[in-house]
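So the chains spell out like this:
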Amino acid sequence: MQTTSHHIVRRYGPVGGMERYVYQLTHALVQKGQQVSVLCEKNEAVEYNPLIIVVELGNAYHKPRWRAQWGFCQRVSQYFEQNPQPESVIHSHERTAVHHVTTFHGPPFLQRKRRLLDITSPRIRMWTQLEEQELFNEQVKAILPNAPLIASQLRTLYPTIAHKLRSPAYPGVDVSFSRVQRRSSGLAIGFLGREWKRKGLDIACRIISQLREQIPGVHFMVAGCDPDNIRHLFDGWPTGSYTLMGWSEPQYFFEIIDVLLHPARAEPFGMVIAEANAAGLPVVISDQCGAAALIGDEQGSICRLDSGSANVEHWVQACRQQLYRNKVVTSLNLSWETLAEQHIDLYRELQPIY
């Protein structure tokens, strides 16, 4: 049975992590013969499959972000009031009110640290309201976390919606990563990420500093973030012990490193982990990464994160072990095709209801 699904995302196109997920998923669904349309605030896809119907709704609000999210939510509700879709599954990737399926791409808003004056903040009231309607509205039949970590957070914070939670909908990895040709030095450890504080670059620097005492020739490659913003982290480092690359194509970066180090403080999934794995690289990551649920000895090491402690010895030993590992890394085999198949099964289950 062919399925019909309407996907909701503010920016359609490969312009961010969540946006790329929706872009790739909708294309994979169409390639499998499914009917797909996208409702967005703005179509930012330079090119896309013409079989995908893209509807731009616009938005009366642009800032602040919470008001823009509310404004887009209103546009989506108005669209379906004027264009009922009784035979279709409405799948949201945003905070909306009319969907049957929602994918949670990040931590719940309720997960934040609460403060005494939260009740006076219109921003907090709005985000709380938007999240609650996304999860609790009567027509919502399925909630797809993108990792077990997100599922656990939702189950703890909102126990009454636990029955709606489905298996994690892991993002796919582009096939180009499996074609990466390694040409590294043998002692290169890499960090890749734009939001370097959240992803733990300062922790990584402590790890590599101590690792260099055991392996003097280890070289730290850092990409994805502005060198001017992180140069202070390397004060006193020996010349030639590190390289600040700035922005880099991930495929190229994975060619020249031997281990990916990712001590993130908070990472809903961690696409860089999945991409490094597809490129055949071992990973050393924190237990705060959603992708940690997929990583075993065949892929690398998971370390407990204690960012307030100077003791990173367990991280140092994990990096050393992965640098000298003899076993080939086992691929997680995450693909957009598999993700599409997961969604088709869900849509077929739900579609007769509407």
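You'll find the structure just up there.
Everything numeric in this text was worked out from a predicted model, so none of it was measured. (Residues numbered from 1 in each chain as written. Predicted model: local features only at pLDDT ≥ 70, side-chain atom pairs only at ≥ 80, totals over all residues. Heavy atoms only, no water.)

### Looking at the sheet that holds strand S13 (residues 283-286)
Here is step 1 of the chain: Strand order in the open sheet formed by 6 strands is S11-S10-S9-S12-S13-S14, with parallel pairing between adjacent strands. Whereas interior strands pair on both sides, the edge strands pair on one side only; in this sheet they are strand S11 (242-246) and strand S14 (300-303). Shown here is a sheet whose adjacent strand axes are inclined to one another by a mean of 20°, direction ignored.
Here is step 2 of the chain: With 3 bridges connecting them, strand S12 (residues 259-262) and S13 associate as parallel partners. Across the sheet, the residue bridging to Leu-261 is Val-284, located in S13.
Here is step 3 of the chain: The strands touched by helix H5 (residues 201-214) within the sheet are strand S9 (188-192), strand S10 (219-223) and S12, with S10 carrying the most contacts at an inclination of about 165°.
Here is step 4 of the chain: The sheet contacts of helix H8 (residues 271-278) involve S9, S12 and S13, and relative to S12 the element is tilted by about 170°. (Pairing = 2+ DSSP bridges. Helix = DSSP H or I, 4+ residues; strand = E, 2+ residues; numbered from the N terminus. Axes fitted to C-alpha atoms, helices over the stretch in contact; angles between N-to-C directions. Contact = heavy atoms within 4.5 Å.)

### Re the environment of His-219
Here is step 1 of the chain: Its location among the elements puts His-219 in strand S10.
Here is step 2 of the chain: Assessed through its relative accessible area of 18%, His-219 is described here as buried.
Here is step 3 of the chain: Separated by 104 residues in sequence, His-219 and Leu-323 have C-alpha atoms that sit 11 Å apart. (Buried < 20%, exposed > 50% of the residue type's maximum accessible area, 1.4 Å probe, protein only.)

### With respect to the side chain of Thr-4
Here is step 1 of the chain: Here Thr-4 is to be found in strand S1 (residues 4-8).
Here is step 2 of the chain: With relative accessibility at 18%, the residue Thr-4 sits in the buried group.
Here is step 3 of the chain: Of the polar contacts made by the side chain of Thr-4, one reaches the side chain of Gln-35; its length is 3.1 Å.
Here is step 4 of the chain: The contacts of Thr-4, once residues within four sequence positions are left out, are Gln-35, Ser-88, Val-89 and Gln-351. (Polar contact = N/O pair within 3.5 Å; in protein donor to acceptor, adjacent residues only side chain to side chain.)

### Topic: the sheet that holds strand S6 (residues 89-92)
Here is step 1 of the chain: Strand order across the open sheet formed by 6 strands is S5-S3-S1-S6-S7-S8, with parallel pairing between neighbours. Taken across any chain shown, the strands that pair with only one partner, and hence form the sheet edges, are strand S5 (53-56) and strand S8 (142-145). Taken pair by pair, the neighbouring strands of this sheet meet at an average axis angle of 20°, ignoring direction.
Here is step 2 of the chain: Judged from the 2 bridges that link them, S6 and strand S7 (residues 101-104) form a sheet pairing that is parallel. Across the sheet, His-91 pairs through a bridge with Val-101, a residue of S7.
Here is step 3 of the chain: Across the sheet, helix H3 (residues 122-136) is in contact with S7 and S8; its angle to S7 comes to roughly 130°.

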